[in-house]
Structures are given as structure tokens and as C-alpha cells.
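Residues per chain are reported as follows:
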Amino acid sequence: MYAGAGRAGSGPVEGIRPVLYDAVLLDRDGTLIEDVPYNGDPEKVRPVPGARAALDRLRAAGLRLAVVTNQSGLARGYFSAEQMRAVHARIEELLGRFDAWLVCPHDDADGCECRKPAPGLVHAAARELGTRASRCVLVGDIGRDVAAALAAGATGVLVPTPVTRPEEVAAAGWLASDLPSAVDEILRRQQAVRAVPGPVRERAGTALVVRSDSAGDVLVTGPAIRAVAAGAQRVVLLCGPRGRAAADLLPGVDEIIEHPLPWIDPAPAPVEPDAMRTLIARLAAVGADEAVVFTSFHQSALPLALLLRMAGIRRISAISDDYPGSLLDVRHRVPVGVPEPERALSLAAAAGHRLPVDDEPVLRLRPDALPPRPADLGDPGYVVLHPGSAASSRACPPELAARIARSLTAAGHRVLVTGGPDERDVTARVAAAGGTDLGGRTDLPGLAAIVADAGAVVVGNTGPAHLAAAAGVPVVSLFAPTVPFGQWGPYRVPTVRLGNADAPCRDTRAASCPVPAHPCLSGIDPAEVVDALRVLTVSGGGGR
Ligand SMILES: [Zn+2]
């Protein structure tokens, strides 16, 4: 690939390091400038409306900029490298300087590691800019751009044009209507996770944080809980029975209270006044100076806020679109579409807490909470295939999982099939097609230990996807679109998304598939999974 000469730029100043992103990578044709196929003529360069001002806003915010572009016209001889440089000089004349230019000169037939959707250009750009892919956000106009970003562990923003295919629009986790609004949202998200400036607050003594619901919900709240922990002497976490095992894995938590919340649980028990009185007494006994109530976008924090008030807690922060009256001191609001970990981080920031500069906004587990991995599993680098899910609508159909196991084994991968005690029938059936059956052999910490040594994890939208993200292990995400991918996709870890993003279950939040034959996932070709694993091993020479 062609890499522009590295330029000495003014990197982010230590201490005010941006929390989410160091750099914005931009596709060229159709994103920065109007797409003139195989253009070698500087006179034909036309920036998209508002591009210069938008890029200058990014520069002013301390973000570094790179162009990442496929130019197969070079391979095909439609223009020369010299003509391309003249076009790039013209682009810089019109749009200002970029800190790096990364060009793939190859054609699809070359099978290179840099032509998007492969992630090579993204890794190379991150390296040139002195950062890593997970701290980059890429803006592009087609599915290849977003796929390259995700496969590198970066964030992808799709700004569709009339030529963008509908399925690419459906699959995008982050959509913007034009380049200036993509830039505005990047800057808004960056700002939202900084602590709100104001009078210096004393370091809180005890903070009570709350995240009910399942293991995945608890895991994605981890960065926000670490942010609160950075500003408190003691952190007590209230979680539900389904999230308890995950809560035990989170860094920054000193004590856990486990209690079901009937307004959160998917199969809720009736509200028992005595149980609520017991909960209020337990919460009061915590002696918390403040409480931060984390929720998903479809859950209400207000019933618990009332109990917290009754427990005497004076400062309560939560996200609420509903009018909270006097239940909240910090009422935070977040637009739809923000990744759950960032949504929670932005609430922590609104409450006055931010991650320390040396803590990346990624999911993490306590290293001391994981047991040793069973020795009989062999060397690291195997593929974990986890077909099940607590919600059947998000599980991989067993018949498909079996075909995936067979294809992966045939392609030379060592496959470990994992699942809970109630999923043994499925894991046995899948592993019979190829792989080792670990169904029912692991609790959550044990599964986390196995996932941590995997080369990749093939899994639906369920807890183990977030365990993989926490371990930095790439994910082939068989993602049923019952909830938005942009909110629930594996966070800041190399990912390939498979499945029909526009299936009828889209955005239904259904726990069991509302559509016969589970069409969002059943159409996946096992060969796509094999290809995805190949893409996810591309590191651009820099590792992850
Ligand atoms: Zn290439």
C-alpha cells in the first residue's frame, strides 16, 4: 500500500487526552469528494458540501485526520501514481492538510490485506497517526468502509449516498445523513464522556452503582463503573440474579448487593411490598453519598430512584426521558444509537465521573477473577463457537451452528463449542459436526478464561460476545437485529457482522423469534464465517 509521509503533528496533550478517539479516518470518493470513477484529473475534484468546515472542526478538537482509500484504478492502469498525487494535492488545497494518506492500489483479485473491507488500511493509518485502531473512527459511504473499520476494532460511520446499497444502510451501526452531521455526532460523543466541568467535587466516599438485567448488560457497564470508582473510595454495585456472575468479574467493584427488580426483569415476579421494604433497608445500610443508576435505553430508572430516595440517598443520577420530578438530581438524556458502554460512560460523566487518562474506554475483567484454563484444551488460538443465548431470538439455529462447526473444522480451525448446563443438547449436536463439546462444563468465569485464549469467538448477540470484547478477542458476530447493532455490537474489538440486518425481527426486542425459520440468521453461509476469521487475523503488521 502507499502510505503518505508521516508528518509531525501536534498529538493530544497528555492529561487532556480525548476519551474515545484520537483520529478520524475518511474514505475519499463519495465521502470527502464527489465520486468521479477512476479520476486522475485534479480539475475534477469537488468536495462534498460542508466538508472543509467539518474537517476544520475535527482539527480544532485535536483529532488527527487520515484518508483511507481503495484506488484499484492504479492496478488497472486507469491513472498513474503521479496523477493520483496531483489529485491528492488538489484535495489538500481545498480541504486542508491530512496527517496521513493510506491508499490501497490493488484490485479485489489481488487478495491483499489492505483493500477495504479488509482492515489493513485502518491498522496502517492508526500506526501512522501514533494511535491504535480502537481509538479511530472511520467515515465512509459504502459497506466496505464500515466493515474495514469494524474488522480493525475501529468505529465505523456510514454516510450513505444514492449508490449505497439498502442492505449496507441496514447493517450500519452508526448512520449519518451527511459528512457535517457525522462530524457533529463524533464530537458530541467525544464530549459526552468527559466529566462536566464545574465546581470541584470532593471525592465521594461511597458510591452506589446499579445495573440490573443479564451478564451482557453488566459487562457493557464496566467502563462507566470504573469511571465512578476512580472518583469514589468505595463502590457498591446493585445487580440482579442474572447479572451476578458478571458483576463478580468487574474491576472497581468493592461490594455487591443482589436483588431482582420487577420493573427490569423479562419474566418479572409480582412486586412484594415486604421485599421492597427489605431492599430499601439494605440500600440505606450502604450509607452511599450518591447513586448512579445505569439502564438500557428501553428501561426506566425511576422506580428504583424512588426506593433510593426512600433509603435516604441524597444525590441520584440516571438517564430518563420520562419526567423524573424530584427523584433525580442529575437527569441525563442520550440519543438513540449510542453504544451501551458509551451511553453509560456519558451518565457517569454527567454525574461528575470520568475514566482516568490511563484507562481505555474498553470492557475489562478482573484478571484475578478468572480460573486457570483447563489444560486439556490445548494451546491458545482455537475458535470458540457459542451457539446459544439467554434469549432464543438471538441464538444461532443449532442446524446452522453445526454446519459452521463442520466448515471451520474443515478449514483447519480447532473448534470449542461452549454453552450453559441447559444448552448441553445443542452443544453436543453442534460439536458432533466438528469440535470439542464444552457444554455445561463452565461457569461464567471459566468461560471467560476459555474465551480469553481464543483466536476468535463466533457468537450471537449475547454475553460471551462481551466477554470476548473484554479480553480483546475478535468476534464473528451472528447478530440478530432485535436490538440495534450500534448499541449492542461487540465494543471496540475487531468484529465481522453477519446475518440479515433488515430481517422482520429488526428492533422488536423480541426474546423469542417472532418470525418463522429465524430468517435473520438462518441464511448465513458457513463459508462467510470462515472468510470472516481470515479477515480478523489481518493486523497490518502491527498487532492489535
Ligand atoms: Zn491493497
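No experiment lies behind these values; they were computed from the predicted model shown.

Participant: So what's going on with the pattern of salt bridges? Residues and values would help.
Facilitator: By the definition in use, this model includes 35 salt bridges. Taking the shortest distance from any N to any O, the salt bridge between Asp-108 and Arg-115 comes out at 2.7 Å. For Asp-321, the salt bridge goes to Arg-333, with nearest N and O atoms at 3.1 Å. Within this pair, whereas Asp-321 is found in the loop between strand S11 (316–319) and strand S12 (330–332), its partner Arg-333 is found in the loop between S12 and helix H13 (340–350), the two being separated by twelve residues in sequence. One salt-bridge network, held together by shared partners, links Asp-22, Arg-135 and Glu-360.

Participant: Tell me about helix H3 (residues 81–95), residues and numbers included.
Facilitator: Compared with the 21 Å implied by 1.5 Å per residue over 15 residues, the 21 Å span of H3 between its first and last C-alpha is a close match. Taken as a whole, H3 has its buried residues at Ala-81, Met-84, Val-87, His-88, Ile-91, Glu-92 and Leu-95. End-on, the buried residues of H3 take up no more than an arc of 140 degrees, which puts them together on one face. Structural note: H3 exposes Glu-82 and Glu-93 on the side pointing more than 90 degrees away from its buried face. In the stretch just after H3, Gly-96 is the one whose phi turns positive, near 90 degrees.

Participant: Account for the coordination of the zinc ion, naming residues and giving values.
Facilitator: Each protein donor to the zinc ion is listed here as Cys-104 (SG), His-106 (ND1), Cys-112 (SG) and Cys-114 (SG); together their distances run 2.0 to 2.2 Å. Coordination geometry of the zinc ion: the four donor atoms subtend angles of 97 to 114 degrees at the metal centre, consistent with an arrangement described as tetrahedral. Considered as a linear motif, the donors of the zinc ion on their single chain read C-x1-H-x5-C-x1-C. Here His-106 falls in the partly exposed class, since its relative accessible area comes to 24%.

Participant: Run through the domain arrangement of the chain, naming residues and quoting values.
Facilitator: Each domain of the chain was delimited in the assignment, giving domain 1 (2–193), domain 2 (204–367) and domain 3 (370–536). Here domain 2 and domain 3 have C-alpha centroids that lie 28 Å from each other. Contacts between the two partners involve 27 residues from domain 2, matched on the other side by 16 residues from domain 3. Roughly 1900 Å² of surface becomes buried between domain 2 and domain 3 when both sides are summed, with 70% attributable to carbon and sulfur atoms. Here domain 2 and domain 3 share zero salt bridges between them.

Participant: Mind laying out helix H14 (residues 398–410), listing which residues take part and the relevant values?
Facilitator: Taking 1.5 Å per residue, 13 residues should reach 18 Å; H14 reaches 18 Å between its end C-alpha atoms and fits that length. Within H14, burial applies to Leu-400, Ala-401, Ala-402, Ile-404, Ala-405 and Leu-408. Looking at the residues trailing H14, positive phi occurs at Gly-412, about 95 degrees.

Participant: Which residues make up the sheet that holds strand S14 (residues 415–417), and what values go with them?
Facilitator: Taken in spatial order, the six strands line up as S15-S14-S13-S16-S17-S18 in an open sheet, and their pairing is parallel. The sheet is open, and its two edges are formed by strand S15 (436–437) and strand S18 (495–498), each paired on a single side. Contacts from helix H17 (residues 463–471) reach strand S13 (383–386), strand S16 (456–460) and strand S17 (475–478), with the element oriented near 150 degrees to S16.

What counts and what doesn't
- Residues numbered from 1 in each chain as written.
- Predicted model: local features only at pLDDT ≥ 70, side-chain atom pairs only at ≥ 80, totals over all residues.
- Heavy atoms only, no water.
- Salt bridge = Lys/Arg side-chain N within 4 Å of Asp/Glu carboxyl O.
- Helix = DSSP H or I, 4+ residues; strand = E, 2+ residues; numbered from the N terminus.
- Expected span 1.5 Å × (residues − 1).
- Buried < 20%, exposed > 50% of the residue type's maximum accessible area, 1.4 Å probe, protein only.
- Arc of directions from axis to C-beta.
- Donors = N, O, S within 2.8 Å, 3.2 Å for Na, K, Ca; no water.
- Tetrahedral: all angles 85-135°; square planar, octahedral: opposite > 155°, others 65-115°.
- Domains from an automatic or database assignment.
- Contact = heavy atoms within 4.5 Å.
- Buried area = accessible area lost by both parts, 1.4 Å probe.
- Pairing = 2+ DSSP bridges.
- Axes fitted to C-alpha atoms, helices over the stretch in contact; angles between N-to-C directions.

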